[in-house]
Structures are given as structure tokens and as C-alpha cells.
Amino acid sequence: MERVSEQTPVPTVEELLHQAAMGRVGVDRRLIRSILADPDAARGIVQFAKASHEGERLDVDPLLVDLFRHFRPVEALDFYLEAIRHTPDEVSDDLIQAVLPFGENAVGPLIALYQELGEEQGADVAFLLAGLHVRDPRIFTLLLERLEFDTADGAFLLGLYADPAARPALEKILAEIPAEDTELRREVSYALEQMDAAPATYEPEAFDILAEYKEREAPAFDVLPESERLDLLKSDDATTRTGAAHSFFNVELNAKSRAALLDAAKSDPEVAVRAKAWESLADVSTEQAIREAMLAVLNDVSRSIEERGGAAVGLYGVADQDDVRPGIEELYETGGHGRAKALETMWRSLWEPYAKYFPQHLDDKDPAIVREALRGAGYFQLTRYTDKIAKYFDAAEPFHRLREDALFAYAIAMPGETTRGRVRGMLRRIDAISPLTQFETELVEFALDERLRLHGLQPVFSEEASEEPKPAPVPPPAPAKIGRNDPCPCGSGKKYKKCHGAS
């Protein structure tokens, strides 16, 4: 009798979406193709959208918006309205483009939602109503009321709606705006100009769902518990195994995770996985057996530079030791990727004699080496080289992706006495040199807090800075600079390298 081969069941669309919401699979074209291949995909998407999402780790509403936009089931409008209701102040352009094709069918539900949200939170709903370009007295009345509530926004929306009947209201309000308020007068005047434009009709944009996503996206390792990340170390996909190994970097390892990483470092068939596993064993590099295994890889010239570089980074906590230094210095001499990994090991070690390696590479031709040189110049606070660091704020290709590294390094190394009272002024100085985005501001704030920690001082910008002080024994005076193996000055009880030194 022939044996029937067992096949892995194909996951349903609901199961695929749940895996994405739990962070276990990346939201990429591979996921989208798997969903599109299901002949019953539209029903599955609707069922998932209606289900409870309690306990899910990630918000996959943006993905659902795109899937509804692709399949256009009858339930799509209700889903879009609920998505707007959930975050009325953060309605994405994709969600707006998904709603507009519903035209007249969307008018009543949108007006009801606007009335439910109120004028303060209803701005994006009003924008949608104007953008429909549907002549409806209810929309017109709502936009006139919007003009009274927020003149600039109301004028913009009436200009977008372009109904000539709005002209008297706009002319009246323009006459009441003081001459010195030039910006508001410009808004209203522009809206009046639109009254003479030809009536606009909405033309839906072509939508290619696959074009919205990368070919490959990693699972959301940062939201996965240890057990699931350990499972992913056994994935059939080498890229997933690599990411899973890296997710353990600079975290405290228990016996199970240590054993799994060591097994991956020694036996995984992919060099990238082995390299990241060696790096993530840095937490236990002081254990003799693991240290010897890392040293054997680092000093084995028959191994790939990538794997030797991973072993070097894994040894950063002991990179000042006599048996470790020669291997790191030899790796540095290989140039290229080996040099970049050696430099990374050096700056992570915070061992002062390594500072001499970084200045010359601030002018390197290799962006990967320059990135590590910037980090080293920052962490070793090489103040005399801050002009060289600053040139990467707005560098041309191939160095155009180094701006964030340069801002971080500059904040740590810039001239000035390091005190809690001076760091806000340092932030203003950096913003004056090169205006910062919100993300960059937060990055620089973190770097300045890091600067304070390196000098044994409490941070200013982070959450811990605003926490109520807790009664505790008076600690001994902090050292002038914090070593990787010293207690972190934030008071967590962890070593610095495993807490705020885990950059």
C-alpha cells in the first residue's frame, strides 16, 4: 500500500494576517502574493477585519486599507470609516485615496462621522468631503461652518470644493481680516481664485498593491518574545534566521538562548547567520569556552571576513585583553568589511587606546568604514574632529545616508562642558547648524543624554529624567567616564553595555 505524502496545509488569509499582526512574518510582497493567490481572499480579509484584535502586537490597519482598496468588497467603506474613527487626527493619504472613489455613496456616512467627531477632530473628514467634489448642500453647509471655526482650513477646503456659491462668504471674511495678516488673506484670496476654475471631478488613482511594499521585510523581532525568536532561529529562510540571531544582541542571555545561539554560530550553513550569532554572544564573551570559540574564529584566516567580523564584535566586552587585541588589529589590517567590523568592535569596547584608529577614517572612501569612524569619533569624544563629522550632515552620494550617524556623533563630541544645564543649549546649536526633523531632534536628544551618561550624569531628555527619585543608598562618586562593564548610571542595576551603552 502506497504511503500518502503529508503536505503542510496552506494557511488561510486570516491566519496570514494574524501572523503579520503578531509580528511573526514581515509585511512584504511575499505576504501580499500569498494573500492574492487565495481565491477566497476578499472574504478572509473582511472576516479578519471584523474579528477582535485584542492581544495582537502590531496594528496592520494600513495593510488592510491596501487590501480593501485592491479587492474593493462592499464592506470596504465601513472599514475605512472605522479606521478614521480610530485615529481621526492621523488619517493617512492611502486611506484618503481609498475613500474618495466611493463618491456620492460616501457623503452621508462621512457627514455622520464628522458630526460624531466634532469640529476639532473632524478636519480630515471635512477634507475628504471637499475632495469628493460632489455638489451636496449638506457638504456646502458643513464647509461654511468650517470657515467660521477655522478660517484658514475652511478657506482651503472651500477652494478645493470650488463651488461659486461660496464666494460671498469668502469675500465677507476677507474684508474682515486685518491687512497685516498677510498669510491668512493669501489663503482666502487663493480660495476665491478657485471659484472661477472649471468644476473638478475626482479621478481615482491607479493602485498597484505590490508596488507599495518591499520584496522582503523581516518579522518584527522587537515585539516577539524570546521563545518565538528562538523558533525563528530554525526558519527555512536564512534572512529570517539572521534577523533572529541579531535580535539577541546586547540583551542578557539565559541558558536556553545562549545554547541556541552557540549552536547557530557553530553550525548554521549560512555565514551571515553565524556572524550575527557570534555577535549576539557578546553578553557571555567572558565565559571561557565561548571566548575561546570566538577567538578561534577571529584568528582563523581560512574563515570568511564576515564571520570573523561577527566574532570580533562578539568579543567587544573583552577587546582590551591581551589575547583578544591582536586578532582585532589583524582584522583591521584586512581593510574593507573586516576593517569596518574591527572599528565597530573598538568603539563598542570604549577602551581609550582604540581612539587613535578613528580620525583617519573620517575621510575614507568606504561609507561603511566612515559610519564606524563617525561612531568612534563620537563615543571617544574626539572634539577636535567635529568639523569633519559635520561635513556628513549633508553629504553627497555615496555618503548621503550618514546624516543620522553624524548628528549622533556630533552631539556626543561637540565642544562644550558636559553638564545637565548645558545640553539644551547644545541641542539648539546643532539645530542652528543643520535644522532637525522631529525624528532627528529625538535622536540628538538621546545622543546628548548618552553624553551625560558617559560622564556619569543623569540624562535630561529621556523618560527616566522625569521620574520621581526613589530613596536609595548614596552611590559612590561616578567615574569621569563609564566603562562598558561598569554599572549603568541610570540606576537600572545593569552593566552599562547592556543598558544605555547598547547603542
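Remember, predicted model here, so these are calculated numbers, not experimental data.

Enquirer: Hey, could you go over unusual backbone geometry for me, with residue numbers and the actual values?
Expert: Glutamate 397 connects to proline 398 through a cis peptide bond whose omega is 5°. Locating proline 398 in the fold gives a position in the loop between helix H22 (386-390) and helix H23 (403-413). Unlike most non-glycine residues, histidine 133 shows phi in positive territory, near 55°. Checked against the element boundaries, histidine 133 lands in the loop between helix H8 (123-131) and helix H9 (137-149). At alanine 162, a position not held by glycine, the phi torsion is positive, near 55°. Among the secondary structure elements, alanine 162 is positioned in the loop between helix H10 (151-161) and helix H11 (167-176). The exposure class of alanine 162 is buried, given its relative accessible area of 10%.

Enquirer: Break down helix H14 (residues 238-246) for me, citing the residues and quoting the values.
Expert: Listing the buried residues of H14 in full gives Thr240, Arg241, Thr242, Gly243, Ala244 and Ala245. Along its buried surface, H14 packs onto helix H13 (226-232), helix H15 (255-267) and helix H16 (271-280).

Enquirer: Can you tell me about the confidence of the model for the protein chain, naming the residues and giving the values?
Expert: Looking at the protein chain, the pLDDT average stands at 90 and 90% of residues meet or exceed 70. Counting interchain partners and residues more than four positions distant, the pLDDT-below-50 stretch residues 466-503 has 76 contacts.

Enquirer: Requested: an account of the nonpolar core, with residues and values cited.
Expert: Leu281 and Leu374 are the most contacted members of the largest nonpolar core, which totals 78 residues. Here the element with the most residues in this core is H23; it accounts for eight residues. Leucine 281 has contacts with Leu253, Arg258, Leu261, Leu262, Ala265, Ile290 and Met294, leaving out every residue within four places of it along the chain. Grouped together as the second largest cluster of nonpolar side chains are 67 residues, Leu16, Val91, Phe140 and Leu157 included.

Calculation notes
Residues numbered from 1 in each chain as written. Predicted model: local features only at pLDDT ≥ 70, side-chain atom pairs only at ≥ 80, totals over all residues. Heavy atoms only, no water. Helix = DSSP H or I, 4+ residues; strand = E, 2+ residues; numbered from the N terminus. Buried < 20%, exposed > 50% of the residue type's maximum accessible area, 1.4 Å probe, protein only. Contact = heavy atoms within 4.5 Å. pLDDT = per-residue confidence, 0-100. Core = buried A, V, L, I, M, F, W, Y, C linked by side-chain atoms within 4.5 Å.

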